[in-house]
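Take a look at the letters that make up each chain.
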Amino acid sequence: TEAPIDLPEGELAGVSCADGRVLVQHLPEAAPAAILLLDAILPLDEGGTATSLAHAGELALDPACIARPEHLVFPGEDGRQAFALYYPPCNPDFAAPPGELPPLVVRSHGGPTGRASPALNLQIQFWTSRGFAVVDVDYAGSTGYGRAYRQLLDRSWGLLDVADCVAAARHLAAIGRVDAARLAIRGGSAGGYTTLCALTFHDLFKAGASWYGVADLEALQRDTHKFESRYLDRLVGPWPDAIEVYRARSPLHHAERLSCPVIFLQGLDDRVVPPNQAETMVAALRAKGLTVEYLAFEGEGHGFRKAATIETALLAEHAFFCRVLGIATAPPED
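Everything quoted here is computed from the prediction, not taken from an experiment.

**Topic: helix 4 (residues 190–201)**
Here's step 1: Spanning 12 residues, helix 4 covers 16 Å between terminal C-alpha atoms, matching the ideal 16 Å at 1.5 Å per step.
Here's step 2: In terms of burial, helix 4 is a largely internal element, 11 of the 12 residues being buried.
Here's step 3: Those residues of helix 4 lying buried are Ala190, Gly191, Gly192, Tyr193, Thr194, Thr195, Leu196, Cys197, Ala198, Leu199 and Thr200.

**A word on the environment of Glu218**
Here's step 1: Relative to the helices and strands, Glu218 resides in helix 5 (residues 217–223).
Here's step 2: The exposure class of Glu218 is buried, given its relative accessible area of 7%.
Here's step 3: Residues Glu218 and Arg247, 29 residues apart in the sequence, show an inter-C-alpha distance of 7.0 Å.
Here's step 4: When neighbours within four sequence positions are excluded, Glu218 is seen to be in contact with Trp239, Ile243, Tyr246, Arg247, Ser250 and His253.

**Quick word on the packing of aromatic side chains**
Here's step 1: Using the criterion set out here, one finds 12 aromatic pairs in the structure.
Here's step 2: With 6.4 Å between their ring centres and 50° between their planes, Phe320 and Phe321 make a pair best called tilted. Pair check on accessibility: Phe320 and Phe321 agree, each one buried.
Here's step 3: An aromatic cluster is present here, built from Phe126, Trp127, Phe132, Phe320 and Phe321 joined pairwise through their rings.

**Structural notes on the nonpolar core**
Here's step 1: By size, the foremost hydrophobic cluster in this structure holds 56 residues, and its most contacted members are Leu104, Val106, Val135, Trp157, Phe205 and Phe264.
Here's step 2: When residues of this core are assigned to their parent elements, the largest contribution, seven residues, is made by helix 3 (residues 160–174).
Here's step 3: In this structure, Trp157 is in contact with Pro112, Ala190, Tyr193, Thr194, Leu217, Leu220, Leu232, Leu235, Val236 and Arg249, ignoring residues within four places of it in sequence.
Here's step 4: Listed in part, the 28 residues of the second largest apolar core include Cys90, Phe132, Ala207 and Phe320.

**A short note on a nonpolar patch on the surface**
Here's step 1: A contiguous nonpolar surface patch, about 240 Å² in accessible area, is contributed by Leu23, Ile35 and Leu53.
Here's step 2: For Leu53, the location among the structural elements is in strand 4 (residues 48–55).

**As for the environment of Arg186**
Here's step 1: In this structure, Arg186 sits in strand 9 (residues 183–188).
Here's step 2: Distance in space between the C-alpha atoms of Arg186 and Asn276 is 20 Å, their sequence separation being 90 residues.
Here's step 3: Residue contacts for Arg186: discarding those within four places in its chain leaves Val105, Val106, Arg107, Ser108, Gln123, Trp127, Thr195, Ala209, Trp211, Leu314 and Glu317.

**Quick word on the pairing of strand 1 (residues 11–18)**
Here's step 1: As paired elements, strand 1 and strand 2 (residues 21–27) share six bridges and run antiparallel to each other. Bridging across to strand 2, Leu12 finds its partner in His26.
Here's step 2: Here strand 1 folds back onto strand 2 in antiparallel fashion, the turn holding two residues, of which Asp19 has a positive phi close to 55°.

**Observations concerning the pattern of salt bridges**
Here's step 1: Under the defined criterion, the tally for this structure stands at 12 salt bridges.
Here's step 2: In this structure, the salt-bridge partner of Asp179 is Arg182, at a minimum N-O distance of 2.8 Å.
Here's step 3: Judged by its relative accessible area of 11%, Arg182 is buried.
Here's step 4: Salt bridges sharing partners connect three or more residues here, namely Glu100, Asp179 and Arg182.

**Section: the packing of helix 3 against helix 4**
Here's step 1: Helix 4 packs onto helix 3 with a crossing angle of 70° between their chain directions and a minimal axis gap of 9 Å. Relative to helix 4, the element helix 3 is oriented roughly perpendicular. Crossing of helix 3 over helix 4 shows right-handed handedness. Counted together, Asp161, Val162 and Cys165 of helix 3 and Thr194, Cys197 and Ala198 of helix 4 form the full contact between these two elements.

Rules used throughout
- Residues numbered from 1 in each chain as written.
- Predicted model: local features only at pLDDT ≥ 70, side-chain atom pairs only at ≥ 80, totals over all residues.
- Heavy atoms only, no water.
- Helix = DSSP H or I, 4+ residues; strand = E, 2+ residues; numbered from the N terminus.
- Expected span 1.5 Å × (residues − 1).
- Buried < 20%, exposed > 50% of the residue type's maximum accessible area, 1.4 Å probe, protein only.
- Contact = heavy atoms within 4.5 Å.
- Phe/Tyr/Trp six-rings, centres within 6.5 Å; stacked < 30°, edge-to-face > 60°.
- Core = buried A, V, L, I, M, F, W, Y, C linked by side-chain atoms within 4.5 Å.
- Patch = residues over 30% accessible without salt bridge, like charges linked within 9 Å, V, L, I, M, F, W, Y side chains within 5 Å.
- Areas by Shrake-Rupley, 256 points an atom, 1.4 Å probe, with all protein chains shown as cover.
- Salt bridge = Lys/Arg side-chain N within 4 Å of Asp/Glu carboxyl O.
- Pairing = 2+ DSSP bridges.
- Axes fitted to C-alpha atoms, helices over the stretch in contact; angles between N-to-C directions.
- Parallel < 35°, antiparallel > 145°, perpendicular 65-115°, else oblique.
- Left-handed = near helix turned anticlockwise from the far one by under 90°.

Here it is in structure tokens:
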């Protein structure tokens, strides 16, 4: 017997069932996450209820300042479909000069077989409230589009994910949504690897930001934690038989091809992607005379946890992109 329950709009995750009731995470687009209790009402044909038990804090933002995602379908590698969530700039207190298109930040998610989520992401809102458009790319290999799409990344990490991030930026520029001369890309961990590959093996982006990103696949294969110890066999190739593939797709071995400014943000306690990967890239790019920034944070591992670290990193990245892309910013108020 089915019991219909009216649910609020948003993404649902983390389903847990017991005794005819369900607990589920509710992840809306414009509000903090919540825990819902779904409870059937007898008789079942009268439906059920969805009760909010708890919220992840309060959101001190005007709803008018929150950019809502648009699902984007665009031509990816070899003409196949690729997907993304596009967030236009959103701040009712400010407007761009007439005829000026916004700069674009391409976000390459981690995983790499993760996905872009439409749930409220304050880091994305950080950019859109400051006049940037953001495209969160569900590149080949992302979950949510079926097994065949996810398996496209098998033996193709560093290729198809990168190609789709490049294609998303080109598509948005071609249809007049963003400024083709002000394209940047950012990502963390596996997304940082995709970012560094896009910057190294393509010439589209004017700036990039790597948050504890992988620069050397060989080192990742040797040093990664036990849970993902054979993950790269599927994504890149069997180790060590495919060692030349690992080297060919490692930005660290091709730093001479990277020719745009990059900011690196790294935790000094990171055991998944140790600091020496970022530091070697920084040294190589500085030797070329490129504009490079490196922010290292004590007490942070693979994924920043401290609010002060995240704030410092975001503000530094924003200032870096603005400087590189020639975007004027207001001086801080006294």
